Amino acid sequence: MRVAVFSSKAYDQEFLAAANLTVKNRHELMFLDARLGPETAQLGQKWDAVCVFVNDVLDRSVLEILSAGGTRLVALRCAGFNNVDLAAARDVGIVVARVPAYSPEAVAEHTAALILSLNRKIHRAYARVREGNFSLDGLIGFDMKGRTIGIVGTGRIGVCVARIMRGFGCQVTGVDPRHDPMFVEAGGRYVELPELLATSDIITLHCPLTSETHHLIDTRAIDLMKEGVMIINTGRGALVETKALIKGLKSGKVGHVGLDVYEEESDLFFENLSSQIIQDDIFARLLTFPNVLITGHQAFLTREALRAIAETTIANISQFEQSGCPVHPVTLDKPG
C-alpha cells in the first residue's frame, strides 16, 4: 500500500522503515513533517492510507478530503483515538486502526521517574549543581515506603505502575470500571474514586480520555485530596483541568505536579520552540512553579516501545491490504 506518514520524526522514519523491511509485500512510505489537519489533508490524497499520531486532526472535513482522494485506512501509531471522528470515518468508508499496547513498561517507568524526581527535587538539584550551588536547602523529600499511591486506570500501564510502587513498599489503590485480577495480584486494592482521592499521597492517571473522564481532576476533585498531594499525568492531557491545577498549586493543596501531557499540547509538544515566545499563558504559568516537572510527551519514547509501535502499525496496514480489516480496528463502541 501507499502510505503517507504525517507528523513523522527521525525516530518514526527509522523504526517504521525497519518494520516495513520485515514484511513480504513492502509498503511505499512517504514521510511528512507536517501534521495532518484541514490545511494539509490534500497531501494525503491519492495515498491508500495515512499514518498519524496523537496531535494530528482527523475531523469530518479532513476525513472527507482523504476519502475523496482514495484513502481507505487511517493507521494510528498510538493507542488513543480521541483525535479521530469515528462516526465521520464510518460515513465516508475509512477504516481506523490503532496500536492498543506497545510497551506499558515505558510509560510506567517514566511515571516512576517523574515521581522520584519531584520527591527528591532532582530537577532543582541538577540546575543548582550546574551553577556551583551545593546548598541542600529546599531539597527535602520523603520516604516512598508506606506512602499510598492512587492509580486511576488499571490497564496494562496501571498494573506496571502498581508493581513498581509496591517494590518501593508503597500501598497501592486503584480505580477502574473493570477490575483486573493482575492489579490485585500486583498488590493493588480497588476502591471508589472519592476514597482514592482522599487517601492517596500520590495520584497517577492512566485512564483513557472519554466524555466521562474529561477534566476528571478538577477543583472539586482537588478539594477532596490530601494537603500537599502529588499529581502525575502520563495519560491524556485533558484528564486534568489545568486552571484548577494551578489554583491548587497556588494554595498549597497540590504539593507536586508531574506532567508528560497537557490538554492544549498540540500547539507545543513535539516541536522545537526554544527560539520563540510561548503564547499559551496557562502553560507558561505552570512553568513558573518550582514543584512542577513537565516533559514533552516522551513517556512512550523507548527503543522497545518504538519498535513495537512500528511493527503493529505495519501489521495493521498489511492485514488491511490483504483482508480489508486491520489487526486492531477501532469502532464506535470502543472507549477513547
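No experiment lies behind these values; they were computed from the predicted model shown.

**Student:** Help me understand empty space enclosed by the protein, please; the structure alone is not making it clear to me.
**Tutor:** Evaluated as defined, the whole model comprises 1 cavity of 30 Å³ or more. Quantified by volume, the largest cavity comes out at close to 210 Å³. Secondary-structure elements contributing two or more residues to the lining of the largest cavity are helix H1 (10–20) and helix H12 (303–323). Considered class by class, the residues forming the lining of the largest cavity number 10 nonpolar, 3 polar and 7 charged.

**Student:** Got a minute to help me understand the packing of aromatic side chains in this structure?
**Tutor:** To describe a pair of aromatic rings, you give the distance between the ring centres and the angle between the ring planes. Counting across every chain of the model gives 5 aromatic pairs. Ring geometry for phenylalanine 53 against phenylalanine 300: centres 5.5 Å apart, planes inclined by 55°, an arrangement best described as tilted. Here phenylalanine 300 lies in the loop between strand E12 (292–294) and H12 and phenylalanine 53 lies in the loop between strand E3 (49–52) and helix H2 (60–68), a separation of 247 residues in the sequence. You can call phenylalanine 53 buried: its relative accessible area is 11%. Geometrically, the ring pair formed by phenylalanine 269 and phenylalanine 283 is edge-to-face, given 6.1 Å between the ring centres and 75° between the ring planes. A residue pair is termed long-range when its members are at least 10 positions apart, and phenylalanine 269 in the loop between strand E11 (254–259) and helix H11 (281–286) and phenylalanine 283 in helix H11 qualify at 14 residues. The same class applies to phenylalanine 269 as to phenylalanine 283, namely buried. Grouped by ring-pair contacts, the aromatic residues Phe53, Phe270 and Phe300 constitute a single cluster. When the ring centre of tryptophan 47 is taken as origin, the NZ or CZ atom of arginine 2, which lies over that ring, is 3.9 Å away.

**Student:** Would you explain unusual backbone geometry in this entry?
**Tutor:** Most peptide bonds adopt trans geometry, and most residues besides glycine take a negative phi value. A positive phi angle, close to 55°, is found at histidine 215, a residue other than glycine. Along the chain, histidine 215 turns up in the loop between strand E9 (202–205) and helix H9 (219–224).

**Student:** Hey, could you run me through helix H6 (residues 156–167) in this one?
**Tutor:** Think of an α-helix as turning once every 3.6 residues; residues three or four places apart then point the same way. Between the first and last C-alpha of H6 there are 17 Å, a value that for 12 residues agrees with the 16 Å anticipated at 1.5 Å per step. Listed as buried for H6 are Gly158, Val159, Cys160, Val161, Ala162 and Met165. Along its buried surface, H6 packs onto helix H4 (104–119), strand E6 (148–152), strand E7 (171–175), helix H7 (181–185) and E9.

**Student:** Looking at this model, I keep getting lost on the environment of leucine 245. Mind explaining?
**Tutor:** In this structure, leucine 245 sits in helix H10 (residues 242–251). The exposure class of leucine 245 is buried, given its relative accessible area of 1%. With 213 residues separating them along the chain, leucine 245 and leucine 32 place their C-alpha atoms 35 Å apart. Residues in contact with leucine 245, not counting those within four places in the same chain, are Ile222, Ile231, Val240, Val254, Val257, Leu259 and Leu286.

Parameters and conventions
- Residues numbered from 1 in each chain as written.
- Predicted model: local features only at pLDDT ≥ 70, side-chain atom pairs only at ≥ 80, totals over all residues.
- Heavy atoms only, no water.
- 1 Å grid on protein atoms, 1.4 Å probe; cavity = no way out; pocket = protein on both sides within 12 Å on 5 of 7 lines; lining within 4 Å.
- Points joined across faces, edges and corners; volume = space filled by probe spheres on them.
- Helix = DSSP H or I, 4+ residues; strand = E, 2+ residues; numbered from the N terminus.
- Nonpolar A, V, L, I, M, F, W, Y, C, P; charged D, E, K, R; others polar.
- Phe/Tyr/Trp six-rings, centres within 6.5 Å; stacked < 30°, edge-to-face > 60°.
- Buried < 20%, exposed > 50% of the residue type's maximum accessible area, 1.4 Å probe, protein only.
- Lys NZ or Arg CZ within 6 Å of the ring centre and 35° of its normal.
- Expected span 1.5 Å × (residues − 1).
- Contact = heavy atoms within 4.5 Å.

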